[in-house]
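Residue-level structure breakdown
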Amino acid sequence: MPELPEVETIVTDLKKLISGLKITNVWSDIPAFQKIKKKIVGRKILGIERKGKNILIGLNQDKTLLVHQKMTGHLMYGKWKRENGAWRSILPGPMRDDPENRFIHLIFFLSNGRQLALCDMRKFAKVVVLPTEKALKELEQLGPEPLAKNFNFKSFSKIIKNKHSKIKSVLMDQSVIAGIGNIYSDEILWLAGIHPVKKATDLKEKELKKIYLATKPVLKRAISARGSSYIDYRDAFGKKGKYQEIQNAYGLEGQKCKKRDGGIIKRIKIGGRSAHFCPIHQKL
DNA sequence: TGCAGTGTTGCTTC
DNA sequence: CGAAGCAACACTGC
């Protein structure tokens, strides 16, 4: 679920909320997660950063808590109480009676009395504690960060030009660019005016440039909107993102293209994923 | 009722 | 080797 904008939103918030705190206890109903308890209880949280869609929580003694939220995972900061076998938020706010609470599978108890909870309906999320060096090594295969200052057209086009897959799939390939998934690949191609099925290797210099130039604005706008909450994404405070209200392609099948070019947004399958595009201004 | 579809990734297959 | 297909899981909507 969470792509770069959603992960960036949570990381920015968590930096302010949990940096400097100690982890005092860990609860989980998933055996794999229960094992991390003895590795991190008593450790201090030094800092938090994002790499692609990964969240790295730096701990003392050179350990890193590596979290990938995959499809439906999201971290929330608050306070929950176990009631009748379920976790219930006891703070005022949107988490109070959010049905999402029933999917809490992991809780870190913090030294200020608050908790960091992982909500994950489909249980795909990855949470591991590794020596920092190892964690960084695991993420070595990630492509460049599209929002970094050194993300330039030359390196961007060089990687993409010789890929033989469809451009949408290439944009979602984490080793090509880090952080782009199904929603934002649709949005980037809509803004660039490129058909998602087009083979990357067939793109002309001018078309590559359009994609490159569309990438940053789409991601930045999504970060400003605090991400998309198509189904279950929540920010650290249990609030939904607003990008789905300003989307141009994703999830808009059958609606008029917002470019007012007379197109009706079409939905097709690409590599097993749904792709949305305007057949008028995104021609093959 | 049952089954296709869902924002990700990595393993298997060709 | 690179590209494509599918499974991991739980739930929703047609």
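Remember, it's a predicted structure, so these values are computed and weren't measured experimentally.

**Let's talk about the overall build of chain A**
The helix and strand tally for chain A stands at 8 helices and 12 strands. The C-alpha atoms of chain A give 20 Å as radius of gyration, which agrees with the globular expectation for 284 residues (19 Å, within 12%). Each principal axis of the C-alpha atoms in chain A carries an extent, and together these give about 55 × 40 × 30 Å. A burial count over chain A gives 51% of its 284 residues as buried. Sequence separation of 24 or more characterises 62% of the internal contacts of chain A that already satisfy a separation of 6 or more. Averaging the positions of the 56 positive and the 27 negative side-chain charges in chain A gives two centres separated by 1 Å.

**Quick word on the nonpolar core**
Among the nonpolar cores identified, the biggest contains 30 residues, and I18, I55, F108 and V127 are the most heavily contacted of them. Looking at this core, the element that brings in the most residues is helix α1 (residues 4-18), giving 5 residues. Among all residues touching I18, those that are not within four sequence positions of it are I45, I48, Y77, L110 and L116.

**Structural notes on the packing of aromatic side chains**
Applying the stated criterion across every chain, the model contains 7 aromatic pairs. Where W27 meets W87, the ring centres are 5.0 Å apart and the plane angle is 70°; that geometry is what we call edge-to-face. In this pair, W27 is assigned in strand β1 (residues 23-28) and W87 in strand β7 (residues 86-89), connecting sequence segments 60 residues apart. Taken as a pair, W27 and W87 share a single burial class, namely buried. Grouping aromatic residues by their ring pairs yields a cluster made of F151, F153, F156 and Y212. Geometry around F153 places K209 over its ring, the cationic atom sitting 4.7 Å from the centre. Over the aromatic face of W190 sits the side chain of K259, whose NZ or CZ is 5.1 Å from the ring centroid.

**Details of the pattern of salt bridges**
According to the stated counting rule, one finds 11 salt bridges in the structure shown. D97 is paired through a salt bridge with R88; the nearest N and O atoms lie 3.5 Å apart. Residue classification places R88 among the partly exposed positions, given a relative accessible area of 32%.

**So, the sheet that holds strand β5 (residues 73-78)**
Pairing is antiparallel across the open sheet formed by 4 strands, whose spatial order is β1-β8-β9-β5. Every interior strand has two partners, whereas the edge strands, β1 and β5, have only one. Looking at each pair of strands side by side, their axes are set apart by 15° on average, direction ignored. In this structure, strand β8 (residues 104-110) lies alongside strand β9 (residues 115-120), joined through 5 bridges in antiparallel fashion. Residue pairing in the sheet places L106 in a bridge with L118 of β9. Along the sheet face, α1 touches β5, β8 and β9 and points at about 30° away from the line of β5.

**Considering the sheet that holds strand β2 (residues 45-51)**
The 4 strands lie next to each other as β2-β3-β4-β10, forming an open sheet whose pairing is antiparallel. Of all strands in the sheet, those bounded by a partner on one side alone are β2 and β10 (126-131). Pairs of neighbouring strands in the sheet enclose a mean axial angle of 20°, with direction left out of account. Strand direction decides the pairing type here: strand β4 (residues 63-68) and β10, joined by 6 bridges, are antiparallel.

**Regarding the side chain of Q282**
In this fold, Q282 is placed in the segment after β12 (273-277). Within the structure, Q282 has its side chain in polar contact with the backbone oxygen of L189 (distance 3.1 Å). Separated by 2.7 Å, the side chain of Q282 and the backbone nitrogen of C278 make a polar contact. Residue contacts for Q282: discarding those within four places in its chain leaves L189, W190, G193, I194, H195, P196 and F277.

**Digging into the pairing of β8**
Within β8, 6 of the 7 residues are buried, which leaves it mostly tucked inside the rest of the structure. The pairing of β1 with β8 spans 5 bridges and is classified as antiparallel. Each bridged residue has a counterpart across the sheet, and for V26 the counterpart in β8 is F108. Count of turn residues in the β8/β9 antiparallel hairpin: 4 residues, of which G113 carries a positive phi of about 90°.

Cut-off values and rules
- Residues numbered from 1 in each chain as written.
- Chains lettered and ligands numbered in written order.
- Predicted model: local features only at pLDDT ≥ 70, side-chain atom pairs only at ≥ 80, totals over all residues.
- Heavy atoms only, no water.
- Helix = DSSP H or I, 4+ residues; strand = E, 2+ residues; numbered from the N terminus.
- Rg over C-alpha atoms; globule rule 2.2 N^0.38 Å.
- Buried < 20%, exposed > 50% of the residue type's maximum accessible area, 1.4 Å probe, protein only.
- Contact = heavy atoms within 4.5 Å.
- Lys, Arg positive; Asp, Glu negative; His and termini not counted.
- Charge placed at Lys NZ, Arg CZ, Asp CG, Glu CD.
- Core = buried A, V, L, I, M, F, W, Y, C linked by side-chain atoms within 4.5 Å.
- Phe/Tyr/Trp six-rings, centres within 6.5 Å; stacked < 30°, edge-to-face > 60°.
- Lys NZ or Arg CZ within 6 Å of the ring centre and 35° of its normal.
- Salt bridge = Lys/Arg side-chain N within 4 Å of Asp/Glu carboxyl O.
- Pairing = 2+ DSSP bridges.
- Axes fitted to C-alpha atoms, helices over the stretch in contact; angles between N-to-C directions.
- Polar contact = N/O pair within 3.5 Å; in protein donor to acceptor, adjacent residues only side chain to side chain.

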